Structures are given as structure tokens and as C-alpha cells.
Amino acid sequence: MKKFVCMMLTAALCLSLFGGVALASGTVDIGIVLPTKDEPRWLQDQARFESVIADTPYTVEVLFSQGSSAVERTNIETLISKGIKVLIICAHDADAAGLSVELAKEAGITVISYDRLITNTEAVDYYVTFDSVSVGEAMGKYLADNVKEKAQSLYLYAGAASDNNAFLFFEGAWNILQPLIADGTFVIRNSSEAVALQAEPKLTREQLSKIIGQVTTEWDFNVAKSKAEAHLTAATKDEKGLCFVLAPNDGTARSIGDVFAADADVNGYYITGQDAEIASVQYIIDGKQSMTVFKDTRTLAQDAMDMAIALIKGEEAKTDVTYNNGAKEVPSKQTAVTVVTKDNVKDVLIDSGYYASSQFTGL
Ligand code: GAL
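The structure presented is a predicted model; accordingly, all values stated were derived computationally and were not measured.

### Quick notes on the overall build of the protein chain
And then number 1: Helix and strand content of the protein chain: 13 helices and 13 strands.
And then number 2: The principal-axis extents of the C-alpha atoms in the protein chain amount to approximately 65 × 55 × 40 Å.
And then number 3: Within the protein chain, the proportion of its 363 residues that are buried is 55%.
And then number 4: Of the roughly 15,400 Å² that the protein chain leaves accessible, carbon and sulfur atoms contribute 54%.
And then number 5: Where the 31 positive side-chain charges of the protein chain centre and where its 48 negative ones centre are 3 Å apart.

Written as C-alpha cells, this is what we have:
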């Protein structure tokens, strides 16, 4: 009996948190689900969506999954119950999201994968994304452009293995770095799996998984920090000196960079990033992060909303490329990215109106 009362209470609590919406069926046209509020990248996307939404006659609701596939599923169910016609979703976990978007498909909803491709399901209709392989290539190229001598120490880090983009970013970086690893310009210091594969110009998904499994940051600052600390503790003085660091995004770049900066045997370091997060833009101005790959979320949010509106109107979605998600070729709309360093930070991020100069010091 106690158990039953408990279950009823939990059910009532769930209803009050998420379920009230069931009454409001048919009230939302486009549902947007983003992975978490805890990574600044997704707050940028939210802000951009909000400004695009303000200009449409359609009703739109944005929900966050807070790094949980279970919350993501609840969010999708909530939006289905509100009668959405199109779902724009950036998944927390590429594979786990498959089952949830299948629910949306069964309800006759068009599914647009946003930024991160949902894998191994037929239930993805379209994909709106940045060119993620080129993000990794831009990072690799930055490190390659700055290396002046042979036998330079290279430290590799990756994103979360549950995010398909982590594979694309690493693949892109490997395209540029591998020839320089093979010819002895770079020496990998922190991944036995990458060392074992260093003669391979192209890595299979399985091979990438092995490396990513070893050097993943899980997109988490703390994981990134403790891995970097462990790597530098294990490295000899000779394996430090001037370091070249592939960091997969801005949050992890700041935490890994801080660890390298604090090590007395590190004389200097080049470190990559992506997303042009405000804190990293300040790090770039201050010389603590070398570069970031700017992904203009204004374009991505606009493209996703334009696509959703076209589909609601019964028009064709504009796509320019396809991505294979393991189950099908997904028609996709792809956007280019821009490398930002101290030299062009003002032009690209301030003069374009993306950020205000008052958000930074020392510009
Ligand atoms: C990726 C995304 C990146 C980065 C990362 C961490 O999927 O494309 O821009 O923010 O997630 O959340």
C-alpha cells in the first residue's frame, strides 16, 4: 500500500512538472529540444532561436534536456502532446535519442536533427549543421601552422563518444595532423591508442572510438581538467616544453589550458577550441587560448526555423548535402565556420554584432 501511495505521489509530481501540458494539445507548432543549459554553447543557440522566433507567426517552445536522455524523452512527449508539427532536436546522446524521435515520427511529426546528428534510426528527416569535419580540420591546421620544429609534443583530447560530432571533429583534426605525426613533426604524448594508429591516414569508426574512449573529455570541464593533470603528471620534462594541444571545445580548452599554464615544465602551449564562448573570447584576448572555431548560431537557428516553417507550409526543405546516420542518408543543410584568433576577434565577433565590446576587457 505504502509503495502504491508512493507511486501515485511520484506520478502526480511528474504530471505537475511536465504533464499539465497534456491539456493544452494543439497549441505549439514547432518544438525545440536542446541538450543542456550547463554548456554556454546551447545558451547561445537558445538566444538565437528566441530572436528568430520573435519574427514568426508560429508558436514555438524550447525545452532543455539537462544532459539526460530520459528528460529528453519526456520533453519530446510533452511537445507531441502539445500538437507540434515539426521537432528540432539537438540530442544529448546520438543513439539513445533514436527511440524518442521514433515516437515523434509515429505521431506524424517531421524531425530535424539540429547540430548533432541522431544516429541509427530512420526517424530523422533532415539535419541542420555546421561543417563539423571542417571544424576539426581548422583546429588541426592551426596547430600545424604554428609548429616550427620536429618532435613537438602533441596532446590530443576529444568530445563525448555519445555525440556524433566528437567523431567528425576528431576525424577532421586527424586529416591534418596525421601526416605530421607520421613524419615525426608531432609526437603524441597522451594516447597509446592514437600512437598505435598513427600510420593510418583514415580511421574507421571503431578506430576513432578507441582513441576517443581514451582521450574523451565527455564535454565536461572537470573530466578535461583531471585528464590533463594526469597526462602532465605522467609526462617527463622532455615531453612538456612547448606543447600543442588539440582541445575539442572552448570549455574544455579553458580547463586543459589552465592545467598546462600551471605546470612549471610547460614553457608555452598552443591550444584549440570551438564555439566562441564569451569566456574563451576573453581567454583569446588575454593570450590564454590560441584560437576558437566560431560557429555562427544565428545562421544555424535561422536555417532550422526556415526549414521548419517551409515544411509546415508544405514547401520543400532546402538542403545541400547528405549525412549518413548509420540507417539512412539524411538530407542536410550545412554551414561553414570561421577561425577566430586574437588578430580577427574584433572583426568577426564584435563588428558583426555577435557580441558587444562591453562584454570584454582589453579589446
Ligand atoms: C557539439 C557541438 C559543439 C560543442 C559540443 C559541446 O556537439 O557541435 O559546438 O559545443 O557539442 O557541447
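### A short note on the nonpolar core
And then number 1: Of all hydrophobic cores here, the largest spans 63 residues; its most connected members are Ile32, Phe49, Ile88 and Met305.
And then number 2: Top element by residues in this core is helix 6 (residues 164-182). It accounts for 9 residues.
And then number 3: Each of domain 1 (2-124 + 296-335) and domain 2 (132-295 + 340-359) gives at least three residues to this core.
And then number 4: Setting aside residues no more than four positions away along its own chain, Ile88 makes contact with Ile30, Gly31, Ile32, Val33, Phe49, Ile112, Tyr114, Ala304, Met305 and Ala308.
And then number 5: Of all hydrophobic cores here, the second largest spans 23 residues; its members include Leu79, Ala104, Leu117 and Tyr323.

### Describing the domain arrangement of the protein chain
And then number 1: As far as domains go, the protein chain holds domain 1 (2-124 + 296-335) and domain 2 (132-295 + 340-359).
And then number 2: The C-alpha centroid of domain 2 is placed 30 Å from the C-alpha centroid of domain 1.
And then number 3: Each partner contributes residues to the interface: domain 1 has 16 residues there, and domain 2 has 16 residues.
And then number 4: Interface area, domain 1 with domain 2, both sides summed: about 1,400 Å², of which 42% is carbon and sulfur.
And then number 5: In terms of surface lost to domain 2, no three residues of domain 1 exceed Gln44, Asp296 and Arg298, which account for 30% of the buried area on that side.
And then number 6: Remark: the boundary between domain 1 and domain 2 carries 2 salt bridges.
And then number 7: A salt bridge links Arg41 to Asp275; the nearest nitrogen and oxygen atoms lie 3.9 Å apart.

### Description of the packing of helix 10 (residues 250-262) against helix 11 (residues 278-285)
And then number 1: Interaxial distance between helix 10 and helix 11 falls to 9 Å at its minimum, and their mutual angle equals 45°. Between helix 10 and helix 11, the angle is such that the two are oblique. When the axes of helix 10 and helix 11 are compared, the crossing they make is left-handed. Residues Asp250, Arg254 and Asp258 of helix 10 lie in contact with helix 11, whose contacting residues are Ala279, Ser280 and Tyr283.
And then number 2: When its residues are assigned to classes, the contact of helix 10 with helix 11 shows 2 nonpolar, 1 polar and 3 charged.

### Quick word on the pattern of salt bridges
And then number 1: Taken as a whole, this structure holds 18 salt bridges when the rule is applied.
And then number 2: The partner of Asp183 in a salt bridge is Lys150, with the nearest N and O atoms 3.7 Å apart. Remark: Lys150 occurs in the loop between helix 5 (132-146) and strand 6 (152-156) and Asp183 occurs in the loop between helix 6 and strand 7 (186-188); sequence separation between them is 33 residues.
And then number 3: Ionic pairing is found between Lys333 and Asp303, a salt bridge with its closest N-O pair at 3.7 Å. Of the two residues, Lys333 sits in strand 12 (residues 329-335) while Asp303 sits in helix 12 (residues 297-312), which places them 30 residues apart along the sequence.
And then number 4: According to the relative accessible area criterion, Lys333 is partly exposed, its value standing at 22%.

### Examining the environment of Ala196
And then number 1: Looking at the element boundaries, Ala196 is found in helix 7 (residues 192-196).
And then number 2: Of the residues examined, Ala196 reaches a relative accessible area of 63% and is grouped as exposed.
And then number 3: The sequence separation of Ala196 and Ile211 amounts to 15 residues, and the corresponding C-alpha distance is 9.5 Å.

### A word on helix 6
And then number 1: If you check helix 6, its first and last C-alpha atoms are 26 Å apart, about what 19 residues at 1.5 Å a residue would give, namely 27 Å.
And then number 2: In the structure, helix 6 departs most strongly from a straight axis at Ile176, where the bend amounts to approximately 40° and where the proline Pro179 lies between one and four residues downstream.
And then number 3: The buried fraction of helix 6 is high, at 14 of 19 residues.
And then number 4: The N-cap of helix 6, judged by a side-chain oxygen 2.8 Å from the amide nitrogen of Asn165 a few residues on, is Asp163.
And then number 5: Backbone geometry just after helix 6 places Gly184 at a positive phi near 85°.

Thresholds, definitions, all that
- Residues numbered from 1 in each chain as written.
- Predicted model: local features only at pLDDT ≥ 70, side-chain atom pairs only at ≥ 80, totals over all residues.
- Heavy atoms only, no water.
- Helix = DSSP H or I, 4+ residues; strand = E, 2+ residues; numbered from the N terminus.
- Buried < 20%, exposed > 50% of the residue type's maximum accessible area, 1.4 Å probe, protein only.
- Areas by Shrake-Rupley, 256 points an atom, 1.4 Å probe, with all protein chains shown as cover.
- Lys, Arg positive; Asp, Glu negative; His and termini not counted.
- Charge placed at Lys NZ, Arg CZ, Asp CG, Glu CD.
- Core = buried A, V, L, I, M, F, W, Y, C linked by side-chain atoms within 4.5 Å.
- Domains from an automatic or database assignment.
- Contact = heavy atoms within 4.5 Å.
- Buried area = accessible area lost by both parts, 1.4 Å probe.
- Salt bridge = Lys/Arg side-chain N within 4 Å of Asp/Glu carboxyl O.
- Axes fitted to C-alpha atoms, helices over the stretch in contact; angles between N-to-C directions.
- Parallel < 35°, antiparallel > 145°, perpendicular 65-115°, else oblique.
- Left-handed = near helix turned anticlockwise from the far one by under 90°.
- Nonpolar A, V, L, I, M, F, W, Y, C, P; charged D, E, K, R; others polar.
- Expected span 1.5 Å × (residues − 1).
- Bend = angle between axes of the 7 residues up to and from the residue.
- Polar contact = N/O pair within 3.5 Å; in protein donor to acceptor, adjacent residues only side chain to side chain.

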